Amino acid sequence: MIRVHILSSLVFCFVLVTAHCPAPLSLADEFLAKTYDYLIIGGGTAGLTVATRLAEDTSFSVGVIEAGYLHIPDSNISVPFFVNNAVFHPDYDWMLSTIPQVNTGNRSIETPRGKLLGGSSAINSLAWTRASISEYATWDSLNDYSGGWDWDSLLPYFLKSQMREANPDPGLSGFSTSYSQNGFDGPIATSLNAEYSGIVPPYIDALEQLGVSINYNPLDGNTSGIWNTLVAVDRNSGSRSDSATGYYCPSAKRPNLHVLSGVTVTRVLFENNTSNLTATGVTFVSGGSQYVVNASREIILSAGVLKTPQLLELSGIGNATLLKSLGISPLVDLPGVGENLQEHIFVASQYELTDAFQVVTFDDFANTTFANTQEVIYNKTRQGWLAATNCAFLFLPLHGFLDETATSSLLNAFDQSVQLLESTGSVSPLAKAQLGIQRSWLTDGTVPQMEIIQLAGGLAETVPGKHYMSLLGGAMHPISRGSVHINTTNALASPVIISNFLTAEFDVQLLLELFTYINKIVATEPLSSYITAQILPPPNLTSSDLVAYIRQTFSIGDHIMGTATMASRSLGGVVDPQLKVYGTSNLRVVDVSVLPSQLATHLQATVYAIAEKAVDLIKAAAHR
């Protein structure tokens, strides 16, 4: 995602209000003094969810190993306005990037992944959304219709993880999100904003003039329209709600839950006494020394979309040809490990607002008086603009923003892009199945193909005292797919990420159409009266110049998924519907890497639901 890092010249002093959260273990010997039924590798969004839920059963002994540390209290994590401060910062982030490619303008693209307790739930942009019913149904179809992975099966777990707070009063009249299909007793606080920029209402009105309706029930499986997104913010404390604050902290004192931080797992160990491998433990490095810790029941990989496939390959599970080339003995030949990397691609537009516009945008934090006032308000009430986020999200299928001619042209671009891929022999059975489904979505009108996020503020080239509005337009279901693999047996080295972003012409054409639609939005009253100049992209670019601009400036949604796919083995899946790695009896993957296909949504709510469901699968296996 394009990120805004401002206030570098301002110093804030926060009275941080947080629940008491005991520190995790930091010494390997302390951790090794315990015995474990379950080891969870990664204390992120999914890992802490699984660990704390398992620890609710006092008969289980649960261990978690996390490479990062606990950052509570820390205003870079907790204060909503500072939502991007921890991104690509070595104290909080793995600092991984893709290799440069021609299609990315020869740029290396940052791929933020949380390296701390809470994982990416502690550094993401807070949005709490779900995808459409049709998209989740795809998961079941890619698993031979085994059941258990569709909307109805996931909904109880969406509800279990969420604690919906009451809508702030007064909020923004006519733009509230209903309580339908929400959870009210879960660990993760979700809420609407109390503060709204004055540029939000004319934006909504302009969209309504273009035939776009407000969606008051975006969590019910129909996500099309403009809506007020929930965010993972606890309004009582004015702070981020993540897997560390929501799941770990309330459970940290459980005598059967032990978390070791600041160490790196390097390999999963196996016994090979049956037809399937049995995971027995892991090796990890701490303070320059290597240790082994065992688990009697299961090992769960929750290391994330870029590190989970790395661990699998280092452990002998992956493409046998690749493993042999690195001197690793293949234990299970699973060519799908590290493949199927998918991501949302975004482009940015920015507009200067008229001087007559005197309502607050986030640009006002460049004014020291405003910033100091908001600091006082936040410290006193946990409210104000430091507790606010951008909230107007628009999702539409093709027919919602394209006419028949443009739709027909885009469908042709899709077909030609797929044919070109097939001619090169680079379409896997899984990708072929996915793309067939994606093609049907383009015409059925129920699955959004694009997202536009309104930002009440500027992204670049801003002038103090001026106000701006930015629009981020994103392609939700690109054709392009990449990979992440090891190229060394050094477990401390970064994996190689080949993104292949924008290699398919369809993906580029969709982004071009998004620019056309954004131009239409800003030219529509009443919004057009608020805009005095276009800043980004530079006005009057030719079509070829705009394509070059896209390649040179696009950003990602920080929603990478799919590198240890839950799909049938015949398609190239890595885990089965029980989330067990094929060829093993007790190694599971529970994180965003198991998603079989990309979703038109922000992913954290889905990851929590997967983790909650995984706990029930694990408990059911334990009690058989």
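Structure's up top.
Here, residues in each chain are numbered from 1, in the same order as that chain's written sequence. Whole-chain, interface and lining totals are the exception, using all residues; otherwise, since this is a predicted model, local features are given only for residues with pLDDT of at least 70 and side-chain atom pairs are given and counted only at 80 or more. To obtain the side-chain values, all non-hydrogen atoms of the structure were included, while hydrogens and water were left out.

**Q** Could you give an account of the overall build of the protein chain, naming the residues involved and the relevant values?
**A** Of the regular secondary structure elements, the protein chain holds 15 helices and 25 strands. Across its three principal directions, the C-alpha atoms of the protein chain cover 75 × 60 × 40 Å. When burial is assessed residue by residue, the protein chain has 62% of its 624 residues classed as buried. Contact between two residues is taken to exist if any of their heavy atoms lie within 4.5 Å; hydrogens are not considered. Across the protein chain, the fraction of contacts at a sequence separation of at least 24, relative to all contacts at a separation of at least 6, is 76%. Summing over all exposed atoms, the protein chain offers an accessible surface of approximately 22100 Å²; the carbon and sulfur share of this is 50%. Labels follow the DSSP assignment, with helices taken as runs of H or I lasting at least four residues and strands as runs of E lasting at least two, numbered in each case from the N terminus. Between buried and exposed lies partly exposed: a residue is buried under 20% and exposed over 50% of the maximum accessible area for its type, with that area taken using a 1.4 Å probe on protein chains only. The protein chains shown are the only cover counted for residues, whose accessible areas, like all others here, come from Shrake-Rupley with a 1.4 Å probe.

**Q** Pulling in residues and values, what's your account of the packing of helix α4 (residues 133–141) against helix α5 (residues 151–161)?
**A** Angular values range over 0 to 180 degrees, each being the angle between N-to-C directions of two axes fitted as lines to C-alpha atoms, with helices fitted over their stretch in contact. It is the contact of α4 with α5, at a shortest axis distance of 9 Å, that shows an interaxial angle of 110 degrees. When the axes of α4 and α5 are compared, the pair comes out roughly perpendicular. Each of Ile133, Tyr136 and Trp139 in α4 lies in contact with α5, whose residues at this interface are Trp151, Leu154 and Phe158. When residues are grouped by polarity, Ala, Val, Leu, Ile, Met, Phe, Trp, Tyr, Cys and Pro land in nonpolar, Asp, Glu, Lys and Arg in charged, and all others, Gly among them, in polar. Residues that form the contact of α4 with α5 fall into these classes: six nonpolar, no polar and no charged. Any angle that falls under 35 degrees is termed roughly parallel, while one over 145 is termed roughly antiparallel, one within 65 to 115 roughly perpendicular, and all others oblique.

**Q** Could you give me a rundown of the sheet that holds strand β14 (residues 298–301), with the residues and numbers involved?
**A** Being paired, for any two strands, means DSSP has found at least two bridges between them. With parallel pairing, five strands are arranged side by side in an open sheet as β10-β2-β1-β14-β25. Two strands bound the open sheet, and with one partner strand each, they are β10 (257–261) and β25 (587–589). Between one strand axis and the next, the sheet turns by 20 degrees as a mean value, whatever way the strands run. Examined bridge by bridge, strand β1 (residues 38–41) and β14 share four bridges and lie parallel to one another.

**Q** Break down the nonpolar core for me, with residues and values.
**A** Only buried residues count toward a nonpolar core, which is a set of Ala, Val, Leu, Ile, Met, Phe, Trp, Tyr and Cys residues joined through side-chain atoms within 4.5 Å. In terms of nonpolar packing, the biggest core is built from 175 residues, with Tyr203, Ile299, Leu394, Ile452, Tyr517, Leu579 and Leu587 touching the most fellow members. Leave out the neighbours within four places in its chain, and Ile299 touches Leu39, Ile41, Val268, Ala279, Thr280, Gly281, Val282, Asn586, Leu587 and Arg588. Residues Trp227, Ala348, Phe393 and Ala600 belong to the second largest nonpolar core, which totals 12 residues.

**Q** Provide a residue-level description of the state of the cysteines, including the pertinent values.
**A** Note on terminology: disulfide describes a covalent bond linking the sulfur atoms of two cysteines. We call a pair of cysteine sulfur atoms a disulfide when they lie within 2.5 Å. Within this structure, the stated rule accounts for one disulfide. Disulfide pairing is shown between Cys21 and Cys249; the S-S distance is 2.1 Å. Judged by the sign of its S-S torsion, about -90 degrees, the cystine formed by Cys21 and Cys249 is left-handed. Of this pair, Cys21 sits in the segment before α1 (28–32) while Cys249 sits in helix α7 (residues 243–251), and the two are 228 residues apart along the sequence. By relative accessible area, Cys21 is classed as buried at 11%. The exposure class of Cys249 is buried, given its relative accessible area of 10%.

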